[in-house]
Amino acid sequence: MALSSLTIAPGIVKDETEFSQEGRYIDGDKVRFKNGLPEKIGGWEKISTQSMTGVPRCLHAWATNDQTDLIAAITTEKFYVYKNGYLNERTPYRLNGTGTLTNKITTTSGSAIVSIEHTTHALAENDWIKLYNVTINNITLNGDFQVESVTDANNYTVTASTNADASGAGVGGSLSYGYYMPVGNVSAFASFGYGTGTYNQGTYGTARTSGTGITLALRTYTMDNWGEDLVFCPSGDRPYYYDASTDASQVVSANTPSNNQGIVVTEQRHLVCFGADGDPMKVAWSDQEDFTTWTPATTNDAGSNLLSGGTIMVGAKRLRGGNVLLWSDTTAFLMQYTADTLVFNFNIVGTNCGLIAPKASVEVGGLSFWMSKQNFFMYDGYSKKLDSSAIEKYVFNDFNFDQRSKVFAAHNSKFDEVWWFYPSASSTHNDRYVIYNMKDQSWSIGQLDRSCWIDAPTWAYPLASNEIGTHYIYQHEKGKDADGSILDSNIKTAPVDIGEGDSIADLFGWIPDFEDQVGDLHLTVDLKDKPNSTVETIGPYAIKTTTEKIDMRNSARSLAFKIRSNELGGHYRMGKNRIDIAAAGRRR
């Protein structure tokens, strides 16, 4: 008998056969690599028991001038600000979204459906609106309502809390209204019929049948600081502004470009809109320090540029040194401040490396990392493809590209990691993640429902939100559990053999070596003679903090080991585990 150390390189390899990867890990979940060794990831806890309406799509964290810590969250339906321990809704009204209507209400006796006439209302089904202080025919309209249906460009309906006791048309007297920023759809999908998409999208009167509907893209959101305040922009809309001193939000200005893909703020304080004014490749910027001025003149810095290289601008990320990295669906551009009459220069810094989704990039110390439609890239002055051969096929061959706009990148600075969350082929939401370790260039994988993330340097922990179920803001890397539930973690080695696998291996035991172990771990061993042989699984064997050796009596040509932690409060970090193994002889 002889003791052999399990010396395994960091990272998980998914894109090769199990038997070709001896000395590697081939599967895992909720595990990371730190200094070359695997350990269970940290847990998470709700920052507040207050939930949000709509699916969270974007988070932003910062501190005001008086050091008040804030978190902004945009969902598919609402805008929230977390301040002083409370999550408050601060959804702004859209441009020209407030006013008064006179005698524009229609009720039907016995029905709670109320029809409202408003010429060119520009509302869509499920949009949120506020109606004020009208009671008519046993129906009171005073509060927030969702649009039930859009009858046509001039009429829509809402559902009241009571049924009307009489019918009436063109009644109601003075009805004040406020139309909040447009609601986004939860997923990309094809839709049919009147009211599909935003007003004036598609051709009026065209019947939509199966296969000919309008594809409704996911509404995405971008946010950036303007000093201690915040600018945010839903795709297909114009920028909005949250004033931290008044704790209120509104449209930035009627002068801003409309129908933008997103925004970013430069280091010199220009507000930049990309995909501006509905032109997919247009980049427009405001005057310096004045986001209400957008018309170029000799007295200001405002301007625009129509870029070539791709079909649509997708995202942007501010870098150190005053530059902005912009992506189309195919190309990476560097936007450089010139301080002359051009204001900005634009240079192509990468081709065939477009951004897969608006939030699929992160900036880390002047570098940028991002996901394209088939690869992962970084920018350090040049665009470079990351070596993702360990997981590339695993990710992109099992991917729901219809929902690719949900992909987002997450920087976890404490562990020098970049995460990407993405939807697998059978999922309409982000159900998987892949981790890139920037120190050892290794990869890890796992499954987790997350719809947005922010590293949040002004907070003690990274912040994230979920898509499925009730929507909360979570603090990650906090504790060892999944918000009070067991955080199940596991990792599996490739098969280990004797020599070239031509000898039978007698396994006599496992000598564990773990650091920071909390709770029992469980070891299972998969035994095989040949790659296509039936697997014989032995175990699980409990590994306690006091376990010196697990005795076994098994033989096989190859042995693969799996460690699992599935106890409340459980944790582990692997050390130098050893196996008691010896060659038993040869056989065909």
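These lines cover the structure that appears in this document, whether it is placed above or below.

Note on placement: Trp 443 falls in strand β40 (residues 443–447). In this structure, Trp 443 is in contact with Gly 11, Ile 12, Phe 33, Phe 376, Leu 386, Asp 387, Ser 388, Ile 391, Trp 420, Val 434, Ile 435 and Tyr 436, ignoring residues within four places of it in sequence. Only 2.9 Å separates the side chain of Trp 443 from the backbone oxygen of Asp 387, close enough to count as a polar contact.

With that settled, consider the packing of aromatic side chains. Tallied over the entire structure, the rule returns 34 aromatic pairs. Seen in terms of ring centroids, Trp 226 and Phe 291 are 4.8 Å apart; in terms of plane orientation they differ by 40°. Their pairing is tilted. Of this pair, Trp 226 sits in strand β21 (residues 221–226) while Phe 291 sits in the loop between β27 (282–285) and β28 (303–306); the two residues are 65 residues apart in sequence, bridging distant segments of the chain. We classify Trp 226 as buried; its relative accessible area is 7%. Residue Phe 291 is classed as buried on the basis of its relative accessible area, which comes to 11%.

Its location among the elements puts Ser 235 in the loop between β22 (229–234) and β23 (240–243). Once residues lying within four places of it in the same chain are set aside, the contact partners of Ser 235 are Leu 218, Arg 219, Thr 220, Asn 260 and Gln 261.

Let us look at unusual backbone geometry. For the peptide bond that leads from Gly 539 to Pro 540, omega is 10°, which places it in the cis range. Counting through the fold element by element, Pro 540 comes out in strand β49 (residues 536–543). Even without glycine at this site, Asn 35 takes up a positive phi of about 55°. As for its placement among the helices and strands, Asn 35 is situated in the loop between β3 (31–34) and β4 (37–40). A residue is classified by how much of its surface remains accessible, and Asn 35, at 60% relative accessible area, is exposed.

Here we come to the sheet that holds strand β30 (residues 324–328). Ordered by their spatial adjacency, 4 strands build an open sheet running β29-β30-β31-β32, and the pairing between neighbours is antiparallel. Unpaired on one side and paired on the other, β29 (313–318) and β32 (344–351) mark the two borders of the sheet. Pairwise comparison of adjacent strand axes, ignoring direction, gives a mean angle of 25° for this sheet. Pairing geometry for strand β31 (residues 331–337) and β32, over 7 bridges, is antiparallel. In the strand pairing of β32, Met 335 is matched with Phe 346.

Before going further, it helps to examine the pairing of strand β7 (residues 69–75). The buried fraction of β7 is high, at 6 of 7 residues. Taken together, the 7 bridges between strand β6 (residues 56–63) and β7 define a ladder with antiparallel strand orientation. Within the sheet, the bridge partner assigned to Leu 59 lies in β7 and is Ala 73. Between β6 and β7, which pair antiparallel and follow one another directly, the connecting turn spans 5 residues, one of which, Gln 67, has a positive phi of 65°. Taken together, the 5 bridges between β7 and strand β8 (residues 79–83) define a ladder with antiparallel strand orientation. Following the sheet pairing, Ala 72 is matched in β8 by Val 81. Hairpin connection, β7 to β8: the antiparallel pair is bridged by 3 residues.

Definitions and cut-offs
Per chain, residue numbering runs from 1 following the sequence as it is written. Residues qualify for local features only when their pLDDT is at least 70, as the model is predicted, and side-chain atom pairs are given and counted only at 80 or more; totals for whole chains, interfaces and linings, by contrast, use all residues. Values reported for side chains reflect all heavy atoms of the structure, with hydrogen atoms and water molecules removed beforehand. Only DSSP runs of H or I reaching four residues or more are called helices, and only runs of E reaching two or more are called strands; each is numbered from the N terminus. The contact criterion used is simple: two residues touch if any of their non-hydrogen atoms lie within 4.5 Å. Side-chain atoms alone can form a polar contact between residues adjacent in sequence; in general such a contact is a pair of N or O atoms within 3.5 Å, and within protein one must be able to donate a hydrogen while the other accepts it. Stacked, tilted and edge-to-face are the three classes applied to pairs of Phe, Tyr and Trp rings, where Trp contributes its six-membered ring and a pair requires centres within 6.5 Å; stacked means planes under 30 degrees apart, edge-to-face means over 60, and tilted covers the rest. Only protein chains enter the accessibility calculation, which uses a 1.4 Å probe. A residue is then buried if its area is under 20% of the maximum for its type, exposed if over 50%, and partly exposed in between. Should DSSP find at least two bridges between two strands, the strands are regarded as paired. In this analysis an axis means a line fitted to C-alpha atoms, helices contributing only their contacting stretch, and an angle means the value between N-to-C directions, from 0 to 180 degrees.

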